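Analysis of the macromolecular model
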Protein chains: 2
Amino acid sequence: MSAKIRLYVEHPLGAGQSVPLDRDQAHYLFGVMRLADGAPVALFNGRDGEWQAGVAEAGKRGGTLVCQEQSKPLQLPPDLWLMFAPIKKARTDFIVEKAAEMGAARILPVQTEFTNSERIRQDRLQAHAVEAAEQCGGTYVPDVAELQKLPRLLDQWPAGRELMFCDEAEAGNTLQLAAETQKNAPWAILIGPEGGFSEAERKRLHNHPQSHVVSLGPRILRADTAAVAAMTLWQQALGDW
Amino acid sequence: MSAKIRLYVEHPLGAGQSVPLDRDQAHYLFGVMRLADGAPVALFNGRDGEWQAGVAEAGKRGGTLVCQEQSKPLQLPPDLWLMFAPIKKARTDFIVEKAAEMGAARILPVQTEFTNSERIRQDRLQAHAVEAAEQCGGTYVPDVAELQKLPRLLDQWPAGRELMFCDEAEAGNTLQLAAETQKNAPWAILIGPEGGFSEAERKRLHNHPQSHVVSLGPRILRADTAAVAAMTLWQQALGDW
């Protein structure tokens, strides 16, 4: 039997290992979920896989779990970045959640010419990524980066990382990723803002030596839909699906 | 130049055709968007393509637009049904919106053994589909059916319609749709509820003569994520992408 409640912790996990809980975790497990001594909880920390643990000590402000046995090995996602221009709050949250579920390794909010938001709450987005990883059964939590400007990111583009760029203005280019690159190569997917990219940005992206322009069909997709669709194409062609 | 505001209407569209507006439409165009006489609006009705129209009469409780010229031909989506088990309100709304954006022809909420909701607001979901079609530039609005029980729908399954069934419990089956069926065949995609399908349902679906079991990767996807991912795989293999 495996525990239904999954919790991300930072503490090392291993057989017999005690894991201390902070106030929020204790409130969730004992206040909200009403777990009693001995109740099962699944733990993961992004490094040691998933472990079945039991409640050893339940308090109002803290507590302790003890690891019993490993229930899943660590499964790292493919080396895929999801880059997107932040939009309205709820949709930005959705994109982060979807990126974690779909198996992105890193989530990078980028500011483009037509991006409205000047700032993001990185801590809140990171918490969303944790929650999505807890929910989807993953053993890894993608890192959410701070907001950065797209031109700067392109100036410092890492050698060898391919860039899949979804351009609304580009019709008919279907994906031939499998033929273009090897499995296990590092990739990034860039999703534009609701208003699309500017002419200058499009030109720069088209001229980027590692860019691959991909079309997502004849209808205009919202950014959160486009993110899932693009990650699906990538995962099926080159990822862990 | 084409109008930025797109409006779905039921009235026939054609060169010189007058289109009367109801109270809600008049409120939106003249009260919210502040359009004046002569302002451009793009119209579609799901039958006559997209037409550029101009404001001929603006009132508080009504008004008239006059069609000028067709700006897009009618583009019907492929004959794809999206079947899903309704979940929490916001996520159900999202699924309907995504189905419209992704090009489903019909949206069918189905009640499974582990579906919580006993009823849906069909009118509200239909309004979401209209809004998504207005937003995504489509010329067609998918029809949202009333909630029906899955076994009943399977009892009356239409001859010749293939069924893509996304089973969390099924690992490793990647999609080979292209090889299995012809383009233009009618299809349906079935997305399970958050708790998955029951044993009896899974058995029945696996035994269904037209069913194709498909895996959506090693992580468990939320129903709205799974809907977009499944439609992406289908559209790329067999649809209009």
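None of the values given here were measured: they were computed from a predicted structure. Along each chain, the written sequence defines residue order, and numbers are assigned to residues from 1. As they are written, the chains are lettered A onward and the ligands numbered 1 onward, keeping that order. Local features are withheld for residues below a pLDDT of 70 in this predicted model, meaning they are given only at 70 or higher, and side-chain atom pairs are given and counted only at 80 or more; totals for whole chains, interfaces and linings count all residues. Heavy atoms from the whole structure form the basis of all side-chain values; hydrogens and water molecules are not counted.

1. Points about the packing of aromatic side chains
Residue and element names in this part refer to chain A. Classification of ring pairs rests on two measures: the distance between centres of Phe, Tyr or Trp rings, Trp counted by its six-membered ring, which must be within 6.5 Å, and the angle between planes, read as stacked under 30 degrees, edge-to-face over 60 and tilted in between. Throughout the structure, instances matching the rule amount to seven aromatic pairs over all chains. Taking the centre distance of 5.6 Å and the plane angle of 65° together, the rings of Tyr 8 and Phe 44 count as edge-to-face. Note that Tyr 8 is positioned in strand E1 (residues 6–8) and Phe 44 in strand E3 (residues 40–44), a separation of 36 residues in sequence. Its relative accessible area of 0% is what places Phe 44 among the buried residues. With centroids separated by 5.8 Å and ring planes inclined at 75°, the aromatic side chains of Trp 81 and Trp 157 adopt a geometry described as edge-to-face. A run of H or I in DSSP becomes a helix once it reaches four residues, and a run of E becomes a strand once it reaches two; helices and strands are each numbered from the N terminus. With a 1.4 Å probe rolled over the protein chains alone, any residue whose accessible area is under 20% of its type maximum counts as buried; one over 50% counts as exposed, and the rest are partly exposed.

2. Describing the UniProt feature "domain: Ribosomal RNA small subunit methyltransferase E PUA-like" (unreviewed entry) in chain A
UniProt positions are given in the numbering used here, feature names are shortened, and annotations may be inferred rather than shown by experiment. Per the UniProt record, "domain: Ribosomal RNA small subunit methyltransferase E PUA-like" (unreviewed entry) is found at residues 21–62 of chain A. For residues 21–62 of chain A, the helix share is 24%, the strand share is 36%, and the end-to-end C-alpha distance is 5 Å.

3. Points about the interface of chain A and chain B
Residue-level contacts link 33 residues of chain A with 33 residues of chain B. Surface buried jointly by chain A and chain B totals about 3000 Å² across both partners, of which 55% is contributed by carbon and sulfur atoms. Take a side-chain nitrogen of Lys or Arg and a carboxyl oxygen of Asp or Glu: if they are within 4 Å of each other, that pair is a salt bridge. Between the two partners, chain A and chain B, sit ten salt bridges. For Arg222(B), the salt bridge goes to Glu97(A), with nearest N and O atoms at 3.3 Å. Two N or O atoms form a polar contact when they lie within 3.5 Å of each other; inside protein one atom must be a possible hydrogen donor and the other a possible acceptor, and for residues adjacent in sequence the pair counts only when both atoms belong to side chains. At the junction of chain A with chain B, the criterion picks out 21 residue pairs in polar contact (both at pLDDT 80 or more). Three categories are distinguished: nonpolar for Ala, Val, Leu, Ile, Met, Phe, Trp, Tyr, Cys and Pro, charged for Asp, Glu, Lys and Arg, and polar for the others, with Gly belonging to the last. Broken down by class, the residue content of the side of chain A that touches chain B amounts to 13 nonpolar, eleven polar and nine charged. The criterion used for residue contact is that any of the two residues' heavy atoms lie within 4.5 Å. Summed over both partners, the accessible area lost on bringing two parts together, with a 1.4 Å probe, is the buried area.

4. Brief notes about helix H6 (residues 199–207) of chain B
Residues and elements named next belong to chain B. Among the residues of H6, Glu 201, Arg 202 and Leu 205 are the ones counted as buried. In an axial view of H6, the angular spread of the buried residues amounts to 100°, which keeps them on one side of the axis. Exposed and facing more than 90 degrees away from the buried side of H6 are Glu 199, Lys 203 and Asn 207. Residues of H6 that are buried sit in contact with helix H4 (150–155), strand E10 (162–166), strand E11 (187–191) and strand E12 (211–214). Arc definition: directions from the helix axis to the C-beta atoms.

5. Comments concerning the sheet that holds strand E4 (residues 50–58) of chain B
The strands that make up a sheet are held in pairs by hydrogen bonds between backbone atoms, and each pair lies either parallel or antiparallel. Residues and elements named next belong to chain B. Two strands make a pair as long as DSSP finds a minimum of two bridges between them. With respect to topology, five strands assemble into an open sheet ordered E1-E3-E4-E5-E2, the strand pairing being mixed. Lying at the two open borders of the sheet, with one neighbouring strand each, are strand E1 (6–8) and strand E2 (18–21). Mean inter-strand twist for the sheet, computed between neighbouring axes without regard to direction, equals 40°. Pairing geometry for strand E3 (residues 40–44) and E4, over five bridges, is antiparallel. Across the sheet, residue Ala 42 finds its bridge partner in E4, namely Gln 52. Note on method: axes are straight lines fitted to C-alpha atoms, helices fitted across the in-contact stretch only, with angles between N-to-C directions ranging 0 to 180 degrees.

6. A word on the relation of the copies chain A and chain B
In this comparison the copies share one frame, found by least squares on the C-alpha atoms of residues holding pLDDT of at least 70 in both. Its rotation angle being 180°, the transformation that places chain A on chain B also includes 0.0 Å of axial translation and leaves an RMSD of 0.0 Å. Taken together, the rotation angle and the small translation identify this as a two-fold axis. Taking C-alpha positions as reference, the residue of chain A nearest the rotation axis is Ala229(A), located at 3.0 Å. A share of 100% of the interface residues of chain A reappears at the interface of chain B, consistent with the copies meeting face to face through the same patch.

7. Here's the deal with the pairing of E4(B)
All names here are of chain B. Linking E3 to E4, which pair antiparallel, is a turn of five residues; within it Gly 46 sits at a positive phi near 85°. Sheet topology note: the E4/strand E5 (residues 63–72) ladder contains eight bridges and is antiparallel. Residue pairing across strands places Ala 53 opposite Cys 67, the latter belonging to E5. Between E4 and the antiparallel strand that follows it, E5, lie four residues.

8. A look at the domain arrangement of chain A
Residue and element names in this part refer to chain A. Each assigned domain of chain A is listed here: domain 1 (6–72) and domain 2 (80–238). Bear in mind that the domain bounds are from an automatic or database domain assignment. For domain 1 versus domain 2, the distance between C-alpha centres works out to 33 Å. Across the boundary between the two partners, domain 1 contributes eight residues, which contact eight residues of domain 2. Interface of domain 1 and domain 2: buried area, both sides summed, is about 670 Å²; carbon and sulfur atoms make up 62% of it. In terms of surface lost to domain 2, no three residues of domain 1 exceed Arg 6, Tyr 8 and Phe 44, which account for 66% of the buried area on that side. Here the side of domain 1 that touches domain 2 gets three residues from one element, more than from any other, and that element is E1. Of the residues contributing to the side of domain 1 that touches domain 2, the split by class is three nonpolar, two polar and three charged.

9. Looking at the sheet that holds strand E4 (residues 50–58) of chain A
All names here are of chain A. Reading across from one edge, E1-E3-E4-E5-E2 is the order of the five strands in this open sheet, with mixed pairing throughout. Looking at the sheet topology across the chains shown, the edges are occupied by E1 and strand E2 (18–21). With strand direction ignored, the average angle separating the axes of adjacent strands in the sheet is 40°. Strands E1, E2, E3, E4 and strand E5 (63–72) of the sheet are contacted by helix H1 (residues 23–32), whose axis makes an angle of about 95° with E2. Docked against the sheet, helix H3 (residues 122–136) engages E1 and E3, running at close to 145° with respect to E1.

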